[in-house]
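# Topology and contacts: notes
If you want the building blocks of each chain, they are given just below.
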Amino acid sequence: MKRAGVVAGGVALLGSLPAAMSQAAAGAKGVGAPGALTAPEMATLEGLLAQLLPKDSLGPGAVEAGVPDYIDRALAGSYKMLLPAYKSFLSTIEKAAEATGGSSFAVMPQDAQIKLIEAVESGKTPGVTAAAKTEAEGFLQLVLEHMREGMFGDPMYGGNRDLAGWSLLGYPGIQLAVTEQLQEVDAKVPPTQMTAKNYGGEPYNGTPV
């Protein structure tokens, strides 16, 4: 879980979601297909996620685990009310990248990406208005929350590819019956590799993967 709450380079991204964003995420309804974000917007999002939760010796990172796909699917469906705000945020990141001399965030060197994320987190996004700085600072927390959803949620929603997030946590998969032995302290629970899809579950924000 530590990897999911820290940006590469030690940039902590902890904090509560802005109330309006939380309400929008909770109240949004609808069913859609992938394709909410454009290819350039997806490239920016993937660049951000690659730094927010990078792959390392413990396993795949957010990008490898399909978190960008999870977010894209959600923005086409259950989180569609947040799509304009996401587009605005990703545009702000690109403006900030250009202000620091980069052609785009996705192709910036890793250390430059981390430095820019640090600036966004502290409300000092370069090259944008004061209002945009404040909005970006708050929205970064929402991106982090959605990253956690995609990394550790059921893979039928598009993320947690190959159960990468569950493996990282040591979660064995859905257990329909837990024996007395498995409830003992330090018991090793064998992985079932079972997800909600195996039991007929269907995602509300897109087609099953």
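### Side note on the environment of Gly 150
Tracing the chain through its elements places Gly 150 in helix H6 (residues 130–152). In the structure, Gly 150 is positioned 15 residues away from Gly 165 in sequence and 8.6 Å away in space, judged by C-alpha atoms. Ignoring anything within four residues of it in the chain, the contact list for Gly 150 reads Val 67, Tyr 70, Gly 159 and Asn 160.

### Quick notes on the packing of helix H2 (residues 39–52) against helix H4 (residues 83–99)
At a closest axis distance of 10 Å, the pairing of H2 and H4 adopts a crossing angle of 75°. By the angle between their directions, the pair H2 and H4 is classed as roughly perpendicular. Of the residues in H4, those touching H2 at Glu 41, Thr 44, Leu 45 and Leu 48 are Tyr 86, Lys 87, Phe 89, Leu 90, Ile 93 and Glu 94.

### Things to note about the environment of Ala 187
Its place among the elements puts Ala 187 in the segment after helix H7 (164–169). Relative accessible area serves as the criterion here: at 30%, Ala 187 is assigned to the partly exposed category.

### Topic: the packing of aromatic side chains
One pass over the full model with this rule turns up three aromatic pairs. Taking the centre distance of 4.9 Å and the plane angle of 85° together, the rings of Tyr 86 and Phe 139 count as edge-to-face. Of this pair, Tyr 86 sits in helix H4 while Phe 139 is found in helix H6, placing the two residues 53 residues apart along the sequence. The exposure classification of Tyr 86 matches that of Phe 139, with both residues buried.

### Digging into the nonpolar core
Leu 49, Leu 75 and Phe 89 are the most contacted members of the largest nonpolar core, which totals 42 residues. If you list the elements that add at least two residues to this core, you get H2, helix H3 (67–76), H4, helix H5 (110–121) and H6. The element that contributes the greatest number of residues to this core is H6, accounting for nine residues.

### As for the side chain of Glu 41
Examined against the element boundaries, Glu 41 turns out to sit in helix H2. Aside from chain neighbours lying at most four places away, what touches Glu 41 is Lys 87 and Leu 90.

Cut-offs and rules
Residues numbered from 1 in each chain as written. Predicted model: local features only at pLDDT ≥ 70, side-chain atom pairs only at ≥ 80, totals over all residues. Heavy atoms only, no water. Helix = DSSP H or I, 4+ residues; strand = E, 2+ residues; numbered from the N terminus. Contact = heavy atoms within 4.5 Å. Axes fitted to C-alpha atoms, helices over the stretch in contact; angles between N-to-C directions. Parallel < 35°, antiparallel > 145°, perpendicular 65-115°, else oblique. Buried < 20%, exposed > 50% of the residue type's maximum accessible area, 1.4 Å probe, protein only. Phe/Tyr/Trp six-rings, centres within 6.5 Å; stacked < 30°, edge-to-face > 60°. Core = buried A, V, L, I, M, F, W, Y, C linked by side-chain atoms within 4.5 Å.

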